[in-house]
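Next come the chains, spelled out residue by residue.
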Amino acid sequence: MAPSWGPCPVVMALLWLSFCSRGHTDSGTEEYLKRAHSLTKPYQGLGASSSGTFWDISGNTMVTAHYVRLTPDLQSKQGAIWNRIACLMRDWEMQVHFKIHGQGKKNLNGDGIAVWYTKDRMQPGSVFGSKDLFSGLGIFLDTYPNEEKQHERIFPYISAMVNNGSLSYDHSRDGRPTTIGGCTALVRNLNHDTFVVIRYLKRRLTVMIDIDGKNEWKDCIDFPGIRLPMGYYFGASSATGDLTDNHDVISVKVYQLTVEKSPGDEEEEEDEEVLVPSVDNFSMLGDDLESEPMSGVALFFISFFSLVGLMVLAVIGIIVFQKWQEQSRKRFY
């Protein structure tokens, strides 16, 4: 007589569904974990070309049982992890569990971690270990202030950039000319877990952080009108220069987001397939960019030459007036 399993298969199925999906009844959004885009312990076969893993590694990346170290606390290192599977989801969420730590004191460490959703993958370069002039989205966890005058920015600092392949990331100004938003995030040398979540939902980019060990998300970036194509790749990279840190990724979890949509929303999405990354309302983008204040020397020279110009105009005006008076007198004789 065959053994009776009772309700066990049903229970197991329910446990599996609860693990792979998370519901948000308050916002009407459902989240489903996509294993093909996620990276979790024990990282079995990570980086092996013939393995069944969905991720590749590059550079100085080191895989351990507890974390994936993109760079060690040594100078001139860079590393990256990249998902092999292109993302075909219109709305998604990427949650990254990371740790940044090292021997360097405050502002004597670097450079940070970049989290990517880009057209190209596995291409090392100058932007936190990945290529410049990228096409897609970059979220930068920047731990070192390169610009001398920070205009009230406190580092470490998280910023976001959307690029169509034509914009260069300005390291000397910490990406300020092309950022669409950011926030301070004191993430170094903490004894508790640190997370960043990147959500792309209905053309809106939201970045939140959980870095205080309280299991609470705090808003960092919220920007509407972001247009990202499907078919790009998830990744993360890091680099060190003269200043160093350990940059570790513990896990990457990507969720597909489903939202109740009206027929009008569906027609709009079908009509507007995104082919090139872009940001709506560039005037709004320009308002967020912080202007460069003039130095004292620049203000002195501007004031000086303005004064000289006014004096020259005054002299010319006096000469013209005197000649006009002379010509007027001649008419009466």
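Structure: above.
Below, the structure is looked at part by part.

1. As for the pairing of strand E6 (residues 78–83)
Moving on, step 1. With five of six residues buried, E6 is to be regarded as a mostly interior element.
Moving on, step 2. Two elements, strand E3 (residues 55–59) and E6, share five bridges in a ladder whose sense is antiparallel. Across the sheet, glycine 59 pairs through a bridge with glycine 79, a residue of E6.
Moving on, step 3. The pairing of E6 with strand E16 (residues 233–239) spans five bridges and is classified as antiparallel. Bridging from a neighbouring strand, glutamine 78 pairs with alanine 239 of E16.

2. Things to note about the environment of aspartate 56
Moving on, step 1. Here aspartate 56 shows up in strand E3.
Moving on, step 2. Along the sequence, aspartate 56 and alanine 80 sit 24 residues apart, while their C-alpha atoms lie 8.2 Å from each other.
Moving on, step 3. In contact with aspartate 56, other than residues within four places in its own chain, are Gly47, Ala80, Ile81, Trp82, Arg84, Arg121 and Met122.
Moving on, step 4. Within the structure, the side chain of aspartate 56 is placed 2.7 Å from the side chain of arginine 84, a separation counted as a polar contact.

3. Structural notes on the pattern of salt bridges
Moving on, step 1. Counted by the stated rule, this structure contains twelve salt bridges.
Moving on, step 2. Between arginine 69 and aspartate 248 there is a salt bridge whose closest N-O contact spans 2.7 Å. Residue arginine 69 is located in strand E5 (residues 68–71), and its partner aspartate 248 is located in strand E17 (residues 246–259); the two are separated by 179 residues in the primary sequence. When sorted by exposure, arginine 69 lands in the same class as aspartate 248, which is buried.
Moving on, step 3. Its salt-bridge partner being aspartate 245, residue arginine 188 comes within 2.7 Å of it at the nearest N-O pair. Placement of arginine 188 in the loop between strand E11 (182–184) and strand E12 (194–201) and of aspartate 245 in the loop between E16 and E17 is noted, with a sequence separation of 57 residues between them.
Moving on, step 4. Through salt bridges that share partners, Glu31, Glu93 and Arg199 make up one connected network.

4. Some words on the side chain of serine 135
Moving on, step 1. On the secondary structure map, serine 135 appears in strand E9 (residues 135–142).
Moving on, step 2. According to the relative accessible area criterion, serine 135 is buried, its value standing at 13%.
Moving on, step 3. Within polar-contact distance, the side chain of serine 135 engages the side chain of tyrosine 232 at 3.2 Å.
Moving on, step 4. The residues contacting serine 135, other than those within four sequence positions of it, are Tyr117, Thr118, Lys119, Asn163, Asn164, Gly165, Tyr232 and Pro277.

5. A look at the nonpolar core
Moving on, step 1. Membership of the largest hydrophobic core comes to 47 residues, with the highest contact counts inside it found for Ile81, Trp92, Leu137, Ile139 and Ile226.
Moving on, step 2. In terms of residue count, strand E7 (residues 92–101) provides more of this core than any other element does, five residues in total.
Moving on, step 3. Dropping the residues within four chain positions of it, isoleucine 226 is found in contact with Val162, Ile180, Tyr200, Arg203, Leu205, Ser278 and Val279.
Moving on, step 4. Listed in part, the eleven residues of the second largest apolar core include Ala80, Phe134, Met161 and Tyr169.

6. Concerning the sheet that holds strand E10 (residues 157–164)
Moving on, step 1. Strand order in this open sheet of seven strands is E3-E6-E16-E8-E9-E10-E11, and the pairing throughout is antiparallel. Among the strands making up the open sheet, the edge pair consists of E3 and E11. Strand-to-strand twist in this sheet, taken as the mean axis angle between neighbours without regard to direction, amounts to 15°.

7. Things to note about the side chain of aspartate 245
Moving on, step 1. A residue is classified by how much of its surface remains accessible, and aspartate 245, at 0% relative accessible area, is buried.
Moving on, step 2. Discounting chain neighbours no more than four positions away, the residues touching aspartate 245 are Thr71, Pro72, Asp73, Ile100, His101, Gly102, Asn109, Gly110, Arg188 and Thr240.

8. So, the pairing of E9
Moving on, step 1. Here E9 lies mainly inside the structure; eight of its eight residues are buried.
Moving on, step 2. Where strand E8 (residues 112–118) lies against E9, seven bridges are found, and the strand directions are antiparallel. Bridge pairing in E9 links alanine 114 to phenylalanine 140.
Moving on, step 3. Examined bridge by bridge, E9 and E10 share eight bridges and lie antiparallel to one another. Its bridge partner lying in E10, phenylalanine 140 is registered against serine 159.

9. Description of the packing of aromatic side chains
Moving on, step 1. Applying the stated criterion across every chain yields a total of twelve aromatic pairs.
Moving on, step 2. Relative to tyrosine 232, the ring of tyrosine 117 has its centre 5.5 Å away and its plane inclined at 35°; by these criteria the two rings are tilted. One end of the pair, tyrosine 117, is in strand E8; the other, tyrosine 232, is in the loop between strand E15 (226–227) and E16, with 115 residues separating them in the sequence. Neither tyrosine 117 nor tyrosine 232 differs from the other in exposure class; each is buried.
Moving on, step 3. Members of the aromatic cluster, each reached through a chain of ring pairs, are Trp92, Tyr117, Tyr200, Tyr232 and Phe234.
Moving on, step 4. We note arginine 121 situated over the ring of tyrosine 233; from NZ or CZ to the ring centre the distance is 5.6 Å.

Thresholds, definitions, all that
- Residues numbered from 1 in each chain as written.
- Predicted model: local features only at pLDDT ≥ 70, side-chain atom pairs only at ≥ 80, totals over all residues.
- Heavy atoms only, no water.
- Buried < 20%, exposed > 50% of the residue type's maximum accessible area, 1.4 Å probe, protein only.
- Helix = DSSP H or I, 4+ residues; strand = E, 2+ residues; numbered from the N terminus.
- Pairing = 2+ DSSP bridges.
- Contact = heavy atoms within 4.5 Å.
- Polar contact = N/O pair within 3.5 Å; in protein donor to acceptor, adjacent residues only side chain to side chain.
- Salt bridge = Lys/Arg side-chain N within 4 Å of Asp/Glu carboxyl O.
- Core = buried A, V, L, I, M, F, W, Y, C linked by side-chain atoms within 4.5 Å.
- Axes fitted to C-alpha atoms, helices over the stretch in contact; angles between N-to-C directions.
- Phe/Tyr/Trp six-rings, centres within 6.5 Å; stacked < 30°, edge-to-face > 60°.
- Lys NZ or Arg CZ within 6 Å of the ring centre and 35° of its normal.

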